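Reading the structure
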Amino acid sequence: MTTNTDDSQPRHFLDVDDLTEAELFTVLDRAEEYKRALETGDNHADLEDQTLGMLFQKASTRTRVSFETGMTQLGGHAIFLGEDDIQLGRGEPLKDTSRALSRYVDAVMARVFKHENVEVLAEYADVPVVNGLTDDAHPCQTLADLQTIREQEDGFDGVSATWIGDGNNVAQSFALGCAMTDIDLTVATPEGYELDEEVLERARELGGDPTTTTDPVEAVSDADIIYTDVWISMGQEDERDVRMNDFEGFQVGADLLEHAPEASIMHCLPAHRGEEITDEAIESDQSIVFDQAENRLHAQKAVLSWLLE
Ligand code: CP
């Protein structure tokens, strides 16, 4: 958590708990307003003439396109910077990249592997830095997830969500988001794939009380929301055989869903259909996966305009 209380320094968004609970709700309200405005053709050019530098060390469909489209819709501009398009790929220190970028752009969005690297970018930037995913956290995804749950459940009161599968970066930020919105969270993982204890502790400090289990059937039985993600993330391809074996029984498909016929199904995408989720599940009436993908656009517009105002 990097909450900055010094008004002369930019605010960054490196994980969900960089926002206070009140700020999180402000951003979620704004995301809802942007979505409505787009639907009624009443778009707001709140970031006219502003530029977002987008730094990607990893591949992306949703994050890249939603940030770039969001900046266009807000009257601004986004520049895509792949690692090999700039001097970072040739060994320039991150802090130099960060300081130079700060002289050109109004905000930086970075997708890097190590969380420490996005922290270095933020430390040396004179403009807001937004985490577009690290190995530890995916807070922009969580904003869209919360917006989606709020729409689906008409608020957060009494909502119970179950995370099924790997306790990965998406799960970790989601756990913090659930804690801040009073969503009752159960995390079902195979042994050895649990959320970091440090993240669970942060969730508890935020008022959450996540339940952890290795039993996927028990975990989904009372869930309003079932959320899963890939079992093999970028950079873990060598572990495929071991992971496929370890995650047996954790697939979101007919066997699990017979215990939760009313629950909504979420997935941050990209999905490996036939592994963590079946074709039938993602295409079913229970699936809200593509509303969730759409909400990346609205939520990111909201966090960018909030950081830059
Ligand atoms: N969910 C998500 O971050 O998707 P991309 O990797 O395509 O950006």
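Residues numbered from 1 in each chain as written. Predicted model: local features only at pLDDT ≥ 70, side-chain atom pairs only at ≥ 80, totals over all residues. Heavy atoms only, no water.

**Remarks on the domain arrangement of the protein**
- Taken as a whole, the protein is organised into domain 1 (12-138 + 296-308) and domain 2 (141-292).
- When each unit is reduced to the centre of its C-alpha atoms, the spacing between domain 1 and domain 2 is 24 Å.
- With 29 residues of domain 1 at the interface, the matching set in domain 2 holds 24 residues.
- Carbon and sulfur atoms supply 57% of the area that domain 1 and domain 2 bury against each other, a total of about 2300 Å² over both sides.
- One salt bridge in this structure joins Asp17 and Arg202, with 3.0 Å as the shortest N-O distance.
- Counting only elements with at least two residues in the side of domain 1 that touches domain 2, the list comes to α1 (21-39) and α12 (289-308).
- Per-element tally for the side of domain 1 that touches domain 2: the top contributor is α1, with 9 residues.
- A per-class count over the side of domain 1 that touches domain 2 returns 13 nonpolar, 4 polar and 12 charged. (Domains from an automatic or database assignment. Contact = heavy atoms within 4.5 Å. Buried area = accessible area lost by both parts, 1.4 Å probe. Salt bridge = Lys/Arg side-chain N within 4 Å of Asp/Glu carboxyl O. Helix = DSSP H or I, 4+ residues; strand = E, 2+ residues; numbered from the N terminus. Nonpolar A, V, L, I, M, F, W, Y, C, P; charged D, E, K, R; others polar.)

**Considering the environment of Thr148**
- Of note, Thr148 is situated in helix α5 (residues 139-153).
- Relative accessible area serves as the criterion here: at 2%, Thr148 is assigned to the buried category.
- When the C-alpha positions of Thr148 and Arg296 are compared, they lie 9.5 Å apart, and in sequence the two are 148 residues distant.
- Every residue in contact with Thr148, bar those within four places of it in the chain, is listed here: Met266, Ile288, Asp291, Gln292 and Asn295. (Buried < 20%, exposed > 50% of the residue type's maximum accessible area, 1.4 Å probe, protein only.)

**A word on the sheet that holds strand β2 (residues 77-82)**
- Read from one edge of the open sheet, 4 strands run β2-β1-β3-β4, paired in parallel fashion. Lying at the two open borders of the sheet, with one neighbouring strand each, are β2 and β4 (129-131). If you compare each strand with its neighbour and ignore which way they point, the axes differ by 20° on average.
- Here strand β1 (residues 51-56) runs beside β2; their pairing, made up of 6 bridges, is parallel. Residue pairing across strands places Phe56 opposite Gly82, the latter belonging to β2. (Pairing = 2+ DSSP bridges. Axes fitted to C-alpha atoms, helices over the stretch in contact; angles between N-to-C directions.)

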